[in-house]
Structures are given as C-alpha cells and as structure tokens.
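# What the coordinates show
So the chains spell out like this:
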Amino acid sequence: MNPDENTQYDVTILRPAIRKEDVALRGRQLTPAELARVKKALRTLHSLEIMATNVYRFQITGKRDEMDQEMIRAMCNEQTHISDFLLRLYEYGLSPSPFRWAWWIVGFVFGFGSRMLGQKAMLKTGIWLESKAVHHYGELLSAAPWDEATRTTLEKDRADEVGHINTWKKYLAQMNA
C-alpha cells in the first residue's frame, strides 16, 4: 500500500467500537502449522504496536501545541492496535510474547531519543516507523489464513499507519517550507 493511496477505512476514527458479539473464539479449524503462523504474526504485530505506542508517548513534549495533539492522537490510536492484537491472540487461544517488554524499551529509546533531537527528528522517526509498519502489515496479511473479522482489523490498522505517515509528512513539509 502506497502511503498516498486512498483507503476504504476512515482513519479519523481512533478507536472503533467493539461490541460483545464481535468477540469470538477463532481458529478452531486451523491446522497446527496454520495456527503457528497466526501466532507468529499476531505476536509480531502486538509487540510492534507496543513499540509504536511508546515512541509517541515519549515524543509528547508537554508544550500543548498542535504537534503534541497529533502525538497524543497517534499514541491513542496505537494503543487501540495493541488492544486489537491482544484480543485476537486470546480469541485464537494464544498469548502475547513473553518478550514484549523489550519492545516497550525500544519504543522508549526511539521516542525519547528523537524528542531530544527535535521535531524534525520526531517526524522522520514517525515516517520511518510507520513505513516499516505498513510493510510488515503487508507481509503479515498474507502470512496466515485470516478469518474475515481479523483481516478487517489488520487492514484497518494498516490504513491507520498510512494515515500517520501522511500526517507526519504534512508536518515535515510545513517545517521545510
């Protein structure tokens, strides 16, 4: 997916509603090999979203300006993605990676480090991070036999990452103008 490509998902919705009937036990028909692929993909996405949340969390400066507002929005949206993949892991009878704490630290390093280097570094870090996420989503969408609801979640979360790229590119262009 090209970051400039239109999408069918509304990326202004930061936290889509989840109703009781949306939660289901999934993957009972999967072979052990297919379930292993689901596990690897969902654990990867869950861990990377923990990192992304912390990048934005530690880029928030407290200046209470437009840029901080966008960082807060991005953080909120990434927290939704963490919940999305945690929910899916449990629906498939799986659990998150025991090493997810390491991704929390990586997010802190990228977030706080780029904040110390200034707004341009923060924006460039966001663009780089989200571009990697879009690439990962693309690979993981075809990595496992997803049911329709999980595929929709993956596609929506990927579209959100494209929205973040476009936002950070807009701010970077304004700074360079």
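Everything below is about the structure printed above this text.
First things first, this report covers the structure right here in the doc. Counting restarts for each chain: residues are numbered from 1 in the order of the written sequence. Local features are withheld for residues below a pLDDT of 70 in this predicted model, meaning they are given only at 70 or higher, and side-chain atom pairs are given and counted only at 80 or more; totals for whole chains, interfaces and linings count all residues. Computation of side-chain values: all heavy atoms of the structure, hydrogens and water removed.

### A short note on a nonpolar patch on the surface
- A surface patch of nonpolar side chains, about 840 Å² in accessible area, is lined by F99, W101, W104, I105, F108, V109, F112 and M116.
- Each helix is a run of H or I in the DSSP string that is no shorter than four residues. Each strand is a run of E no shorter than two, and both are numbered from the N terminus. Note that W104 resides in helix α3 (residues 100–117).
- Under the scheme applied here, a residue whose accessible area is under 20% of the maximum for its type counts as buried, over 50% as exposed, and between as partly exposed, the area being computed with a 1.4 Å probe on protein chains only. The exposure class assigned to W104 is partly exposed, which follows from its relative accessible area of 39%. Any residue with relative accessible area above 30% and no salt bridge may belong to a patch, with like charges joined within 9 Å and the nonpolar Val, Leu, Ile, Met, Phe, Trp and Tyr side chains within 5 Å. Surface accessibility in these figures is a Shrake-Rupley result with a 1.4 Å probe; residues are shielded only by whichever protein chains are displayed. The salt bridge criterion pairs a side-chain nitrogen of Lys or Arg with a carboxyl oxygen of Asp or Glu, the two atoms within 4 Å.

### Overview of the pattern of salt bridges
- Across all of its chains, the model carries five salt bridges by this definition.
- The salt bridge partner of R88 is E91, with a shortest N-O separation of 2.7 Å. Here the residue R88 and the residue E91 both occupy positions in helix α2 (residues 66–91), the gap between them amounting to three residues, near one helical turn.
- In this structure R88 comes out as buried when scored by relative accessible area, which is 7%.

### As for the packing of helix α1 (residues 32–59) against α2
- Viewed as axis vectors pointing N to C, α1 and α2 meet at an angle of 160°, and their least axial separation amounts to 8 Å. In terms of orientation, α1 lies roughly antiparallel with respect to α2. The handedness of the crossing between α1 and α2 comes out as left-handed. Contacts between α1 and α2 involve K39, L42, R43, L45, H46, E49, I50, A52, T53, Y56, R57 and Q59 from the former and D68, M71, A74, M75, E78, Q79, H81, I82, F85, L86, R88 and L89 from the latter.
- Looking at side-chain class alone, the contact of α1 with α2 contains twelve nonpolar, five polar and seven charged residues. Under this scheme, a helix contributes an axis fitted over its contacting stretch, all axes are lines through C-alpha atoms, and angles between N-to-C directions fall in the 0 to 180 degree range. The labels follow the angle: roughly parallel below 35 degrees, roughly antiparallel above 145, roughly perpendicular from 65 to 115, and oblique for the rest. For any helix crossing, the convention is left-handed if the near helix is rotated counterclockwise from the far helix by under a right angle, and right-handed if that rotation is clockwise. By the convention used here, residues are in contact when the closest approach between their heavy atoms is within 4.5 Å. Classification convention: Asp, Glu, Lys, Arg as charged; Ala, Val, Leu, Ile, Met, Phe, Trp, Tyr, Cys, Pro as nonpolar; all other residues, Gly among them, as polar.

### Structural notes on the packing of aromatic side chains
- Under the pairing criterion, centres of Phe, Tyr and Trp rings, with the six-membered ring standing for Trp, must be within 6.5 Å; the plane angle then separates stacked pairs below 30 degrees from edge-to-face pairs above 60, leaving the rest tilted. Considering all chains together, one arrives at six aromatic pairs under this definition.
- With centroids separated by 5.6 Å and ring planes inclined at 45°, the aromatic side chains of Y56 and W168 adopt a geometry described as tilted. Here the residue Y56 occupies a position in helix α1, and W168 occupies one in helix α5 (residues 148–176), the gap between them amounting to 112 residues. For the pair Y56 and W168, one class covers both residues: buried.
- For the ring pair F58 and F108, a centre distance of 4.9 Å and an interplane angle of 90° mean the geometry is edge-to-face. Of this pair, F58 sits in helix α1 while F108 sits in helix α3, and the two are 50 residues apart along the sequence.

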